[in-house]
Every structure is written in C-alpha cells, then in structure tokens.
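Architecture and fold: a report
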Amino acid sequence: MTAVTPGGLGAPAPEKPRKAVLGSREADDEAVFAALDTRIIRRFSRFLAPYRWTLIGAVASILIFVAANVAVPSAIGFVIQETIARQAHDASRIPFGWVISGFAALIVVNLVFSFLQDWLSARLAQRVIFDLRRSMFAHLQDISLSVLDQTHVGRIMSRLQGDVNALQEFLESSMGALADMATLIAVIFVLLEMNLKLGFLTLTVLPALIGLRALWLPRVKDTFRRARDASSIVNGALAENINGIRTVQESRREAVNYGLFEDKVRENFEAQVDAARAARIMTPTVSILTGVAMAMVMVVGGGDVLRHTLSIGGMVAYILYVRKFFEPVGTLSQQYTGMQRAMAAGYRIFEVLDVPVTIKDKPDAIELRDIETSIELDHVTFGYRSGQPVLHDVSLSVKPRELVALVGPTGSGKTSITALVNRFYDVWEGQVRVGGHDVRDVSLASLGRTVAMVLQEPFLFTGTVMENILYSNPGATREQAVAAARAVNAHEFILKMPDGYDSQLGQRGRNLSIGQRQLISFARALVADPQILILDEATANIDSFTELAIQRALKVLFEGRTSLVIAHRLATIRDADRIVVLQQGHIVEQGTHDELVAKKGLYAHLYSSNYASFDDIDVKEEDPAFAMHT
C-alpha cells in the first residue's frame, strides 16, 4: 500500500508480511484457553458501566443469598439441638414456634434472593450482549472491503454467533461463580470458627484436590481444543455442501459427499466424547474427596460427641458444612473452563472491534450537492495486495452525462476502477475525483447518494419485492417503485408472483431466476435516482431476448446521468459515447466503436473475430495487435 500525502499522491509503502486480519488459526488456538486477561476484563467493563445499578443489585442479592444459604446448616443443627433438649424436658428453651418460624423465614429469604440473583444476572447478561452485538454489527458495517476481502466469512460469523454466545453463557453463570466463591470463603470461616480441629482436618484434602486439578487441566485443554477444531470442520463441511447443493446434485456426488461427511462427523463424535469425559472427571473426584473428608469428620467428630465436647446438632451442622464446602469446589472447576473460553471469546470479539476503519469521513468532509458529475482518475496506481498493483498509472476523464464503457480481459482492472469511484478502497497513488472533488474529501453518505452500482451477481435481501426495490431509497413511493419496475420490464413477472410486489423473497432471492433478480436490481438503481450510474457486467446473466428488451430501459436509465458500464457483450457497449479498452492494468485504447474498429487494435480484433466476450480471446503480449500503449 502507499502512504498518501495530503495532496493525494504518495510513494509505495515498504512491503510488510501480511498477517491474518482477524487472527490466524494458530493465534485462535493459543487464545482458546488463555489465562485471565485483565485487559479484556477492563474493556468489557465498559459495556457493564451503563448497567452498574443492575450489577450492584445482583451482587447484593448474591451476598444476601450466600449469607442465608450458609446459615441454613447452623439453623438445622439448632433445630435438632432444640428438639433433643425438649425431649429432655428442658423448660428454659426458646418457644418452638419461634424456632420453626425463624427457620421458615430463612428458607424464604434463601429462595427469594436466589431468584433475584438469577434474574438480575440474566437481565444484565442479556443487556450487555445486546450492546455488544450492536457494536460488532455497526463496526462490521464500516470495516473496509480491503479487510473483508482477506477474511473468511465463516470466521466472522463464528465471532458474531459462537463467541458472543460463549460470552453470554459465561456472563449468565459468572454470578453463580461469584456466589460459589463467596460461599466457599464463608464456609471455610465457619468450619474453622465452629471447631478448629475438625476445620483443619477437612482442609487437609485440599492439596490432593489441587494436585489432581493441576494434572487435569493440561489434559482437558488439549481435549477441548480437538473438540472445537472437529466441530469447526463439521460445520464448515456442512455449510459448504449446502451452499453448493446444485453442483453436488448436478455431479451426483451425494453418496461420495455423505461418506466424506460421515468420516468428519465420526471424528467430531469421538472428540466430543473425549471432551465430555475429560470435563466430567472432576465431578467423581470431588465426590470421592467429599466422602473422605466426611468420613474423617464423622470418625473424629463422633468421638467428640461421645466425650460430650461436641453436640449432636453441632455434629450434623458440621457434616452439612463439609458437603457445602465441596459443592462450590466442583462447580468452580467447571467455571474455570468456562472463564477460559470466555477470555478467548472476548479476545476474538475485541479483535473484530479493533479492526481499524480506514475508509471513513474526514472531520471536514464535503457534501456532494448539485455538482457536475464528472469522474476523473489522475495517475492512479492501485492493487489489493502489497507489491501487486492492478492499475498502473491510469488516467481517465469522464465528462458529465457521458456514457463510457470499460472493456478488456479479466483482470485488466475494470472493476477496480468502479470500486475506486465508489471509494470502496483508497488509491495507492494519484487521485480519484467526482465532480472535481477527491473522493477522500467527500462524505461517504453523499458519495453513496451520488453513485449507484448494479453488479453482475445481484444481491437481494430477505423481505418483499417492494422492500428490495426501495432498498437504496426507502423514502421513495410505491408508485415510483412500480414505475421503475415497468421501465426495466420487471413489472409483468412480479405481478405473476403470489402476492405481487408484496411477495416474500427467499434467501438472496433464490426463488427467482438470475435474470429476474437482475431486473429487480435494475429497478432498485432506477428508484435510487443517482447522478452517476455504474453497471458492472449487469447484463451478463440476462438472456439475449431479455437484454434486447431492456436496452430501451437502459437508455432511459442513462439519460441525464454520467455512466460507467463494464460489459463483455458488444451489443451492450456499441452505442457508448466512448469505449475504454484496458489490458493488464493499462488503458491501451479509447474512442467510439467506429474509431476503435478503424484502429485495428485489441478491440477491432475482438469485433472482427465475432467473439461474444473479451474472455474468449487469448491475449498474447508478443502479438503486435495487442501491444500495450502506456
């Protein structure tokens, strides 16, 4: 790429090794089980800040719930001791009704604040994830095409869906982890406060638990990594097969593809089973350690009961506390894995949000209004990869309301010129001007209103036919949309659809033929009423009969507009005011159809050979007829 100077010209920037825009697979693998990352937590806290009171309410509910929950074993021990005392006819005891009422009140508090912590946690998680999804979507809308060109769509979708869902699950369960941590600390304090000897005896199992966990973590990391990779492979194979289902059925590859897919599914099955086994191994381990701790407490504590140094109620309460000590230990082990996944998800999410937006408005961007819609390329050099220019020092001037056709073999730079006029990319060197203004100096919104583009592969969105026609100009009326459809000869087939203009289109308009989709895209461009119109192979997928029918409509569309047309069919470009012939990123010829035929160059050879397309001809640099004139 180039460093662009304020004047619009720049020198090629030194080449640098290109890294994956949204992270390589190796980087993702390293991040999947990353440790607690304070940078991610700090950035994530910005999304929590607007909901601080919900967070405070959730934490307060957790603390009250933990206090009530930790008090339950002591309350049970107290009730047992009171019952035993009453059996011994101890008249000095508290009224039993008060005891039962107090115990019932404790249970109610436990239930109420358990519900509150769950509800507030879920509410907080949903709000934060809502904001996070909006931020990612808004940012992806603005990311430059040069970035998206280098990124697999599946990777972006994985971040928008899988990573955000992983973060949502962690958020919803993180408050439970906080409750478990608070419970563990409180129970340890109670165990030591009730009986120091039994407390230390219970805690002697912790070294064994820590040692087993240290052995378990490396195993579970590798297992989960294999499971994630296997799942990704299966999802990719499934998506590819569905997207290419026409080719699959045309080639009768169903049986072969089924066999290949079955192998991938089996590998995924085995990896997921291993992951489930590794994830669950801590559960029986904690259960065994719980049993060992309880056995030690019962043996030692039982002796204390016999020696009357520990009450029966106290003994029951202590056993319940031992169980309550190991419950959060097991869940926290699982939460640790979830936390690692959330850190990895946060890493990948913020990696998307950190992708710089290079194509953006200047602070003092000019609004294009009532301009003479000329197009100028002034010594433009541009490419998609560093060191591999597609356009070489190209200069071209298109007058207002002039119809200029761009022709040439595939890869000659035709589409690159139209992309630069739309400012989908920035030039390496030179300037692209619309109405006399460098496109880098004008606002993107006004440039979008000035320039409309119809592509070879029309993209229709889920919705009605009417919504798709009005997509570029939502403020237009229904009558304007119908008039545009009539002008491009789309009206008749639209009326034959079940609900006419209100008929729902399938994904990408697949319930229409390619030609019908293209006609709707023509109507969309006409309703947008742009000052500059660009057609990029827009008639390539329309049959000859339909193409002849829309030639008259195109003349209406071109009337009063500056137009750039990329087309390989001679019938589409013969009537252009000027034809510009490109070859290997250079303009080699330009003129009217008759002038170019008289020059007997590349265009004349194509025309005289009666080729249907420039891609049908084998262009050889050593042939004098095709020598480039730079």
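Only a predicted model underlies this, so the values are computations on that prediction, with no experimental measurement involved.

**Here's the deal with the overall build of the protein**
- A tally of regular secondary structure across the protein gives 22 helices and 14 strands.
- A total of 630 residues make up the protein; the buried ones form 46% of that total.
- Look at the contacts in the protein between residues 6 or more apart in sequence, and 76% of them connect residues 24 or more apart.
- Working note: accessible area of the protein is about 32,800 Å², and carbon and sulfur atoms make up 59% of it.

**Some words on the nonpolar core**
- Ranked by size, the top nonpolar core spans 56 residues in total, and within it Phe 44, Val 128, Leu 132 and Val 322 carry the most contacts.
- Only α2 (38–48), α3 (52–87), α4 (96–142), α6 (153–194), α7 (196–203), α11 (282–306) and α12 (312–353) provide two or more residues apiece to this core.
- It is α12 that provides the largest number of residues to this core, a total of 16 residues.
- For Leu 132, the residues in contact, after removing those within four places along its chain, are Phe 44, Phe 47, Leu 167, Ile 349 and Leu 353.
- Among the nonpolar cores identified, the runner-up in size contains 45 residues, and Val 488, Met 497, Leu 533 and Leu 602 belong to it.

**Brief notes about the sheet that holds strand β7 (residues 437–438)**
- Strand order across the open sheet formed by four strands is β4-β3-β6-β7, with antiparallel pairing between neighbours. This sheet does not close on itself; its edge strands, each paired only once, are β4 (388–398) and β7.
- In the packing of helix α13 (residues 414–421) onto the sheet, contacts are made with β3 (375–385), β4 and β6 (429–434), and the angle to β3 comes to roughly 110°.

**Let's talk about α7**
- Within the span of α7, buried status applies to Leu 198, Gly 199, Thr 202 and Leu 203. Viewed end-on, α7 has its buried residues packed into an arc of 135°, placing them on one side of the element.

**A closer look at α2**
- Considered for burial, the residues of α2 that qualify are Ile 40, Phe 44, Phe 47 and Leu 48. Taken end-on, α2 shows its buried residues confined to a sector of 95°, consistent with a single buried face. Turned more than 90 degrees from where α2 packs its buried face, Arg 39, Arg 42 and Arg 46 sit exposed.

**Digging into the sheet that holds strand β8 (residues 451–454)**
- Taken in spatial order, the six strands of this open sheet run β8-β11-β12-β5-β13-β14, and their pairing is mixed. The open sheet terminates on both sides in strands that have one partner only, identified here as β8 and β14 (586–591). Across the sheet, the mean angle from the axis of one strand to that of its neighbour is 20°, orientation sign disregarded.
- Of the pairings in the sheet, the one linking strand β5 (residues 403–407) to strand β13 (residues 578–583) comprises four bridges and is parallel in character.

**Some thoughts on the pattern of salt bridges**
- On inspection of all chains with the given rule, the structure shows eleven salt bridges.
- One salt bridge in this structure joins Asp 426 and Arg 423, with 2.8 Å as the shortest N-O distance.
- Taking the relative accessible area as the measure of exposure, Asp 426 reaches 19% and is therefore buried.
- For Arg 423, a relative accessible area of 5% gives the class buried.

**Observations regarding the pairing of β3**
- Across seven bridges, the pairing between β3 and β4 is antiparallel. Counted as the bridge partner of Glu 376 is Ser 397 from β4.
- Between β3 and the antiparallel strand that follows it, β4, lie two residues; Gly 387 among them carries a positive phi value of about 80°.
- Direction of pairing for β3 relative to β6: antiparallel, over a ladder of five bridges.

**Structural notes on the environment of Leu 444**
- Counting through the fold element by element, Leu 444 comes out in helix α14 (residues 444–450).
- With relative accessibility at 30%, the residue Leu 444 sits in the partly exposed group.
- On a C-alpha basis, the gap between Leu 444 and Asp 361 in space is 6.4 Å, while along the polypeptide they are 83 residues apart.
- Dropping the residues within four chain positions of it, Leu 444 is found in contact with Ile 359, Lys 360, Asp 361 and Arg 423.

Criteria and thresholds
Residues numbered from 1 in each chain as written. Predicted model: local features only at pLDDT ≥ 70, side-chain atom pairs only at ≥ 80, totals over all residues. Heavy atoms only, no water. Helix = DSSP H or I, 4+ residues; strand = E, 2+ residues; numbered from the N terminus. Buried < 20%, exposed > 50% of the residue type's maximum accessible area, 1.4 Å probe, protein only. Contact = heavy atoms within 4.5 Å. Areas by Shrake-Rupley, 256 points an atom, 1.4 Å probe, with all protein chains shown as cover. Core = buried A, V, L, I, M, F, W, Y, C linked by side-chain atoms within 4.5 Å. Pairing = 2+ DSSP bridges. Axes fitted to C-alpha atoms, helices over the stretch in contact; angles between N-to-C directions. Arc of directions from axis to C-beta. Salt bridge = Lys/Arg side-chain N within 4 Å of Asp/Glu carboxyl O.

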